[in-house]
Amino acid sequence: QVQLVESGGGLVQPGGSLRLSCDASGTISSIYNMDWYRQTPGNQRELVAGFTSGGGNTKYADAVTGRFAIGRDGTKNTIYLHMSSLNPDDTAVYYCHHKFGNVDTWGQGTQVTVSS
C-alpha cells in the first residue's frame, strides 16, 4: 500500500515562491509515476507537473510552464514542486499522485494561497 504525504503549502504574496514536497512510503511502482495535481473549488483536478514516461524529462501545464519545476530526491521516494512567480490563479489545493497499474493513490493535499 502506498501512502503519500504532501507538505510545504501556505500563504504567499504574488510573485513569491514555495516548494512543495511529497513523501511516498510503501511500495511504489516508480518515482516517475508520481506527479502533481491541483484543484480549486468547482473545478476538476488538473495535472500541474509530472515526469515523462521515460523519466528523463518533465511536463507541465501551460499555465505554469516556466514558473514551476518538478524534482526528485534519488535517496528517498520524494518528489518536489518548485513554484516561483506565483500569482493568485495558482491558489489551489495541491495533490501528490501515484499510479500503479489501475490503482491511483492521492495524498491529503496541501493548500497554496497566493494573495496580497
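The structure we're discussing is the one just above.
Just so it is clear, the structure is predicted and the values come from calculations on it, not from any experiment. (Residues numbered from 1 in each chain as written. Predicted model: local features only at pLDDT ≥ 70, side-chain atom pairs only at ≥ 80, totals over all residues. Heavy atoms only, no water.)

### What about the packing of aromatic side chains?
In step 1: Using the criterion set out here, one finds 3 aromatic pairs in the structure.
In step 2: Ring geometry for Tyr37 against Trp106: centres 5.0 Å apart, planes inclined by 75°, an arrangement best described as edge-to-face. In this pair, Tyr37 sits in strand S4 (residues 34-39) while Trp106 sits in strand S10 (residues 103-106), placing the two residues 69 residues apart along the sequence.
In step 3: Residue class for Tyr37 comes out buried when judged on its relative accessible area of 18%.
In step 4: Overall, the relative accessible area of 33% leaves Trp106 in the partly exposed class.
In step 5: Each residue in the set Tyr37, Tyr95 and Trp106 is aromatic and connected to the rest through ring pairs, giving one cluster.
In step 6: Taking the ring centre of Tyr95 as reference, the NZ or CZ of Arg45 above it sits at 3.7 Å.
In step 7: Here Arg45 stacks its cationic end above the ring of Trp106, 4.6 Å away from the centre of that ring. (Phe/Tyr/Trp six-rings, centres within 6.5 Å; stacked < 30°, edge-to-face > 60°. Helix = DSSP H or I, 4+ residues; strand = E, 2+ residues; numbered from the N terminus. Buried < 20%, exposed > 50% of the residue type's maximum accessible area, 1.4 Å probe, protein only. Lys NZ or Arg CZ within 6 Å of the ring centre and 35° of its normal.)

### Some words on the sheet that holds strand S8 (residues 78-83)
In step 1: Strand order in the open sheet formed by 4 strands is S1-S3-S8-S7, with antiparallel pairing between adjacent strands. Across the chains shown, the open sheet's two edge strands, defined by having one partner strand only, are strand S1 (3-7) and strand S7 (68-73). Taking the axes of each pair of neighbouring strands and ignoring which way they run, one obtains an average angle of 20° across the sheet. (Pairing = 2+ DSSP bridges. Axes fitted to C-alpha atoms, helices over the stretch in contact; angles between N-to-C directions.)

### A word on the state of the cysteines
In step 1: Per the stated rule, a full pass over the model turns up 1 disulfide.
In step 2: The side chain of Cys22 participates in a disulfide bridge whose partner is Cys96; the two sulfur atoms lie 2.0 Å from each other. Across the S-S bond linking Cys22 and Cys96, the dihedral sits near -80°, which makes this disulfide left-handed. Linking Cys22 in strand S3 (residues 18-25) with Cys96 in strand S9 (residues 92-100), this pair joins segments that are 74 residues apart in sequence. Both residues of the pair, Cys22 and Cys96, belong to the buried class. (Disulfide = S-S within 2.5 Å.)

Bear in mind that shape data such as this cannot, by itself, settle questions of function.
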